[in-house]
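Inside the fold
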Amino acid sequence: MKKLTIRDIDISNKKVLVRVDFNVPFSSDGKIADDTRIRAALPTIEYLLKHNCLIVLISHLGKPKGKIEAKYSLQPVAQRLSELMNKNVVFASDCIGADVENSINQAKPGDIVLLENLRSHIEEEKNEPNFAKALASLSEIYVNDAFATAHRAHASTENIARYFTTPVAGLLMEKEIEYLSYVVEQPKSPFIAVIGGAKIKDKLGVIKNLLPKVDALLIGGGLIYNFLKAQGLDIGNSIYQPEMLDQAKDLLSESKLRLPVDVMITDKVDVNGNTKIVKADSIENNWAGIDIGNETVKIYTDIIKTARTVVWAGPIGVFEIDRFAAGSKAIAETIAETTKNGATSVVGGGDTVACLAKFGLKDKVSFVSTGGSASLEFLEGLELPGIKALKDKELK
Ligand code: AMP
């Protein structure tokens, strides 16, 4: 870990501003549908409480476009956090200004204050220095634990760090950086990557960055049909991105890139569609590829079983529909089994986590990243602005 964390500095009794990612989904009745992101911040919050800090939490929620709106309020999150911590959480109805300062001044060490949605000020997404400065003035120490937002240079993730001598990472951020760096920088071989999902455009950078490091890179999902089309094959109604065909073609000569030998096709992408498994070069007109076939499942899972490091980004088929989920399920189960046998597995990016959760395997891999686009950008080898802004450890 190259960045300083809350463990590396004297944090006891300090007033600490923590950028968290509480951008949780809500169901139609206004209840929090999934509190994973709140739970993911608990280790940092608990650590700070143990050190008698006054904790000021800041986050965004949705895209309120510069004004406070009830449906984008973090108030329900304050309540949920309070339930999880079994402790009062003070909620401030803005994130800067005199009222916020009052709430914080009245708080004591060991208290938690959650401020209202950062994006209720347009300056947040514009990375505006004055807004960052106003946020920074609320505390003595700045901690960034919002990995899932680290790919954005926003006032609360990037500019704010300039107002502190030692901006540090929280414990979630630390774990994310450690696991993703392991994959990108020093994976134990055999290293197998499984890359799927809907659009090749989102994953091309990841494929290019990982190819020189992997022993094999297994292609799944909608990405498959871009490569088949680039080979000049008929892909029927399967999804692909025409503007990406040249780039897909350039990768065809890569021997480590593995494509399916057979695929499941359907005449209708819904629960009532007819299905059949065909060779990858025999997709019929008006039919669409929606999963990998049995032969490919066998080849891919045999390869995964050899791994000491596995990374998985992107579902293998349209896993939301059970009939099209066999490939994704087999891959998920094999990654879980390989992890049990000692491999390090990292899963993240796009819908992969939902896919793993569907098969009840979220706790059977080494690490599930909380970042969607942030994880993908990290795997692409890009420097994330929210991480770059944090203080480096001094090299001994
Ligand atoms: P992503 O968010 O890019 O990881 O993409 C996830 C989505 O890709 C899921 O909703 C899947 O249903 C979809 N997907 C996977 N395979 C296919 C396919 N062959 N055709 C269409 N969509 C697919």
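Conventions and cut-offs
Residues numbered from 1 in each chain as written. Predicted model: local features only at pLDDT ≥ 70, side-chain atom pairs only at ≥ 80, totals over all residues. Heavy atoms only, no water. Pairing = 2+ DSSP bridges. Helix = DSSP H or I, 4+ residues; strand = E, 2+ residues; numbered from the N terminus. Contact = heavy atoms within 4.5 Å. Axes fitted to C-alpha atoms, helices over the stretch in contact; angles between N-to-C directions. Polar contact = N/O pair within 3.5 Å; in protein donor to acceptor, adjacent residues only side chain to side chain. Buried < 20%, exposed > 50% of the residue type's maximum accessible area, 1.4 Å probe, protein only. Near = heavy atom within 4 Å. Areas by Shrake-Rupley, 256 points an atom, 1.4 Å probe, with all protein chains shown as cover. Nonpolar A, V, L, I, M, F, W, Y, C, P; charged D, E, K, R; others polar. Expected span 1.5 Å × (residues − 1). Arc of directions from axis to C-beta. Right-handed = clockwise from strand over helix to strand, strands pointing away. Domains from an automatic or database assignment. Buried area = accessible area lost by both parts, 1.4 Å probe. Salt bridge = Lys/Arg side-chain N within 4 Å of Asp/Glu carboxyl O.

A few points about the sheet that holds strand E6 (residues 168–169)
Taking strand neighbours across the sheet as the criterion, the six strands line up as E3-E4-E2-E1-E5-E6 in an open arrangement whose pairing is parallel. The strands lining the two open edges of the sheet, one partner per strand, are strand E3 (89–92) and E6. Its contacts with the sheet place helix H2 (residues 42–50) against strand E1 (15–19), strand E2 (54–58) and strand E4 (112–115), and it is angled at close to 155° to E2.

Comments concerning the environment of lysine 203
When you line up the elements, lysine 203 lands in helix H7 (residues 200–210). Note: C-alpha distance between lysine 203 and valine 278 (75 residues apart in sequence) is 25 Å. Once residues within four sequence positions are removed from consideration, lysine 203 is found in contact with Ile195, Gly196, Gly197, Leu223, Ala313, Gly314 and Leu376. For lysine 203, the side chain forms a polar contact with the main-chain oxygen of glycine 196, separated by 2.9 Å.

Topic: the environment of lysine 50
For lysine 50, the position within the fold is in helix H2. Note on lysine 50: relative accessible area 70%, which makes it exposed. For the pair lysine 50 and asparagine 13, spaced 37 residues apart in sequence, the C-alpha to C-alpha distance is 9.6 Å.

Some points on the site of the ligand
Taken together, 16 residues lie near the ligand, and Ala198, Lys203, Gly289, Gly317 and Glu320 sit nearest. At 3.2 Å, a side-chain N or O of lysine 203 approaches an oxygen atom of the ligand. When isolated, the ligand has an accessible area of 500 Å², and the protein chains bury 84% of it. Looking at the shell around the ligand residue by residue, the class counts come to six nonpolar, seven polar and three charged.

Let's talk about helix H10 (residues 294–305)
The terminal C-alpha atoms of H10 lie 16 Å apart, and with twelve residues this matches the ideal 16 Å at 1.5 Å per residue to within 8%. For H10, the full list of buried residues reads Thr296, Val297, Tyr300, Thr301, Ile303 and Ile304. End-on view of H10: buried residues confined to an arc of 155°, all on one side of the axis.

Points about the sheet that holds strand E8 (residues 216–219)
Read from one edge of the open sheet, six strands run E9-E8-E7-E13-E14-E15, paired in parallel fashion. The open sheet has two free edges, formed respectively by strand E9 (257–258) and strand E15 (367–368), since each of these has just one partner strand. Bridge count between E8 and E9: two bridges; the pairing is parallel. Paired with leucine 218 across the two strands is arginine 258, which belongs to E9. With respect to the sheet, H10 is in contact with strand E7 (191–195), E8, E9 and strand E13 (309–313), its orientation differing from that of E8 by roughly 145°. The strands that helix H11 (residues 326–340) touches are E7, E13 and strand E14 (344–347); relative to E13, the one it contacts most, it runs at about 150°.

A closer look at the pairing of E13
Burial within E13 is extensive, with five of its five residues counted as buried. Along E13, one buried face is formed by Thr309, Val311 and Ala313 and the opposite face, lined by Val310 and Trp312, is buried too. Two elements, E7 and E13, share five bridges in a ladder whose sense is parallel. Within the sheet, the bridge partner assigned to alanine 193 lies in E13 and is valine 311. Pairing analysis gives four bridges linking E13 to E14, with the strands arranged parallel. For valine 310, the partnering residue across the bridge sits in E14 and is serine 345. In this fold, the crossover linking E13 to E14 by way of H11 has right-handed handedness.

Things to note about the domain arrangement of the chain
Parsing the chain into structural domains produces domain 1 (6–173) and domain 2 (187–379). Put simply, the middle of domain 1 and the middle of domain 2, counted by C-alpha atoms, are 36 Å apart. Counting residues at the interface gives seven residues for domain 1, matched by nine residues for domain 2. Between domain 1 and domain 2, a total of about 650 Å² is buried, with carbon and sulfur atoms accounting for 65% of that surface. For the domain 1 face of the interface with domain 2, the top three residues by lost area are Phe147, His151 and Leu172, together amounting to 67%. Taken together, domain 1 and domain 2 are joined by zero salt bridges.

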